[in-house]
Amino acid sequence: MRAEMTSNKYALLRTTLAAGVAVAMAICVGCDGNQSGAGVAKAGDTPAVASAKGKPNIVLISLCSVRADHMSLYGYARRTTPSFEALARESYVFDHAYTQWPKTAPAFAAIMSAKYGHTNGVMRITPGQFLADEHKTLCEVLNDAGYQTAAFVSTAAVNSETNINQGFQTFEEVWRDASGRANPQRHIAPTIRAIDYIEQHKNDDKPFFVWAHYNNAHYYYDGGGVPPETFVDDDHMGPSEVVELRRNPLTCLDIPADLEDPCYRPLKRPDIGGLHRGAIQVDLRAGGRTIHPRATDLAYSVAVYDAGILGGDRAAGALIEELRDLKLMDNTIVVLVGDHGESLGDQNFYMEHGRFPYDSTARVPYMIRPVGGVKEERIDAPVASFSLAPTLLDMIGVAKPEEWEAQSVYAALTSDEKFPRWVYTESGYEQMFSLTIRDNQWKLIWVPDETDQLLQRNSQFELYDWRADPTESKNVVTSHKDEFGQLVKKLQQWRQPWYEQAAGLKSGGHAISSQNAKGLKGMGYIGGADDIDPAMLAIQDVSVASPDDFHRVGVVTCPNPGKPEQYPN
């Protein structure tokens, strides 16, 4: 009988996700009113850090490639996140949270180790990405505290060979089936397996820590479990904009004339200036992976991407509802966090993430529902997403490792203590990767690599008033010299002890199995080998550079491109 009930539940879950937005909204009838079984605390109450039974359970829900500003949770016009909106009514919601590296493996290495990529060694510039055992992870600390730990991840980017899974007693790569092929149920598999685990361990003496990671919004965009055309041609459809569909083109940079060859560094970057292979829409009507006739319509691609966010919301929402049905929410901390966003044509960067430091990819969803819930509280201050680990430990009364770099924000949530003033992000594919510092109003980007400068704003420095200019459309580095001077000094102080050594890292030295390599290549995480010019390893001194002397250089057609450099996708 038990097996039959479980089978019926999963059949209903699959049907609900596949039926699209109408049915998906129907399961969230309670989302627009009072929640049953929630045990919401009254306004002003301080949430308990542990129940009478001991330390609380922890459920970590993470999302890949989800832009915060495309979630209705954060005010987006399309209703992409009804389940997360319901959870938000019982949670601390961070309106301005930022990843420490806008790429999946580096982002989760930072979250789990509570260390920056330059410290834990997992950066986009290190193709053999591997989190060394010496870095104590959140999971390992929870193991020591008596937790049972399990993870169910739907992306090859955090497979077991990255060692980001270190400490998990159960770790399942649900993106593939037993034969190693793509799991046709990968969009709901984290929910199914997490529910199985929780039902099996809900009455154990030890609390559990469960991580469910959802890849529904990642390319190839296919709706992530709901019909991909759910939002196509709706009232919020943007104007049609035809974008070039690229496979393996060369983007040639018009380098300044003082260099010998104006096309000496052509780039094989099909995601700059046009749609790359990762954005090709699957035409489900044709029954296979064929190019959809509307694939070059940017508004269409964005609508299908938004459907993937809804698909992730529906899948994760089913897990949250199961926690309610099992009466576990009064003894469970629920966390939502993203690894990075997605650049949907912003800054001429199409359907990608990782290279550029802009908030389309750096800003992420982040909220914490404590035991028993709280009345929804929106946090306006900027916060770092890797604050998650020390914050959780504070909430359950467990000391954090001394070597962790991330700071807990729990005291700032529950007292008059202020949030950390500075938030730092690392980004890029070059050995001389970019650094970003922001405070409560200003954001400074340091771009030491010449090629990245040309692809971005043609400047070594970019300064934005991110409050007034959230799309980062106007670089005001020359008109706000006082703000620039303060931020650049702080940034230099932060990077001085470690940058030169970190910029010299080329590989983690860990081979990738053919099976995982196939999965990573299919998702665009690996491509050709890096070809780095040794001269670019020289570290520039940000204190003496003048932001007034930079010129504008365009992207042109290269008449004789020669041999292109190969950059990772």
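About the cut-offs
- Residues numbered from 1 in each chain as written.
- Predicted model: local features only at pLDDT ≥ 70, side-chain atom pairs only at ≥ 80, totals over all residues.
- Heavy atoms only, no water.
- Helix = DSSP H or I, 4+ residues; strand = E, 2+ residues; numbered from the N terminus.
- Buried < 20%, exposed > 50% of the residue type's maximum accessible area, 1.4 Å probe, protein only.
- Contact = heavy atoms within 4.5 Å.
- Areas by Shrake-Rupley, 256 points an atom, 1.4 Å probe, with all protein chains shown as cover.
- Axes fitted to C-alpha atoms, helices over the stretch in contact; angles between N-to-C directions.
- Parallel < 35°, antiparallel > 145°, perpendicular 65-115°, else oblique.
- Left-handed = near helix turned anticlockwise from the far one by under 90°.
- Nonpolar A, V, L, I, M, F, W, Y, C, P; charged D, E, K, R; others polar.
- Pairing = 2+ DSSP bridges.
- Polar contact = N/O pair within 3.5 Å; in protein donor to acceptor, adjacent residues only side chain to side chain.
- Phe/Tyr/Trp six-rings, centres within 6.5 Å; stacked < 30°, edge-to-face > 60°.
- Lys NZ or Arg CZ within 6 Å of the ring centre and 35° of its normal.

Things to note about the overall build of the protein
When you go through the protein residue by residue, the secondary structure sums to 15 helices and 19 strands. Among the 569 residues that make up the protein, the fraction classed as buried is 60%. Expressed as a percentage of contacts within the protein between residues at least 6 apart in sequence, the contacts between residues at least 24 apart total 74%. In the form shown here, the protein has an accessible surface area of approximately 21800 Å², with 49% of it arising from carbon and sulfur atoms.

A few points about the packing of helix 7 (residues 189-201) against helix 8 (residues 298-325)
At a minimum axis distance of 9 Å, the contact between helix 7 and helix 8 shows a crossing angle of 15°. The angle between the axes of helix 7 and helix 8 places the two elements in the roughly parallel class. The way helix 7 lies across helix 8 gives a crossing that is right-handed. In this structure, helix 7 contributes Thr 191, Ala 194, Ile 195, Ile 198 and Glu 199 to the contact, and helix 8 contributes Ala 315, Ala 316, Ala 318, Leu 319, Glu 322 and Leu 323. Of the residues that constitute the contact of helix 7 with helix 8, the class distribution is 8 nonpolar, 1 polar and 2 charged.

A word on the sheet that holds strand 4 (residues 148-153)
Reading across the sheet, the 8 strands line up as 5-4-6-1-8-12-2-13 and stay open at both edges, with mixed pairing between neighbours. For this open sheet the edge positions go to strand 5 (170-173) and strand 13 (377-379), each flanked by a neighbour on one side alone. Direction aside, neighbouring strands of the sheet carry axes that sit 10° apart on average. Bridging between strand 8 (residues 332-338) and strand 12 (residues 366-369) involves 4 bridges; their strand directions are antiparallel. In the strand pairing of strand 12, Val 335 is matched with Ile 368.

Some details on the environment of Trp 404
Here Trp 404 lies in the loop between helix 10 (388-396) and helix 11 (410-414). What makes Trp 404 buried here is its relative accessible area of 5%. When neighbours within four sequence positions are excluded, Trp 404 is seen to be in contact with Ser 113, Ala 114, Lys 115, Lys 136, Thr 137, Leu 138, Val 141, Ala 389, Pro 390 and Leu 393.

Examining helix 4 (residues 104-113)
By the criterion of burial, helix 4 is predominantly enclosed, with 10 of the 10 residues buried. Taken together, the buried positions of helix 4 are Thr 104, Ala 105, Pro 106, Ala 107, Phe 108, Ala 109, Ala 110, Ile 111, Met 112 and Ser 113. Of the surrounding elements, those touching the buried residues of helix 4 are strand 1 (57-63), helix 5 (117-120), helix 6 (138-144), strand 6 (208-214), strand 8 and helix 10. Positive phi appears at Ala 114, one or two residues downstream of helix 4, with a value of about 55°.

Focus: the environment of Asp 234
As for its placement among the helices and strands, Asp 234 is situated in the loop between strand 6 and strand 7 (252-253). Classification of Asp 234 as partly exposed rests on a relative accessible area of 22%. For the pair formed by Asp 234 and Ala 303, sequence separation is 69 residues and the distance between their alpha carbons is 8.9 Å. Within polar-contact distance, the side chain of Asp 234 engages the backbone nitrogen of His 236 at 3.0 Å.

Description of the packing of aromatic side chains
Under the defined criterion, the tally for this structure stands at 22 aromatic pairs. The interplanar angle of 80° and the centroid separation of 5.0 Å between the aromatic rings of Trp 494 and Trp 498 together place this pair among those described as edge-to-face. Classification of Trp 498 by relative accessible area gives buried; the value is 13%. Within the aromatic cluster, the residues linked to one another by ring pairs are Trp 101, Tyr 116, Phe 386, Tyr 424, Phe 433, Trp 446, Trp 494, Trp 498 and Tyr 499. Positioned over the ring face of Tyr 429 is Arg 124, at 4.9 Å from the centre of the ring.

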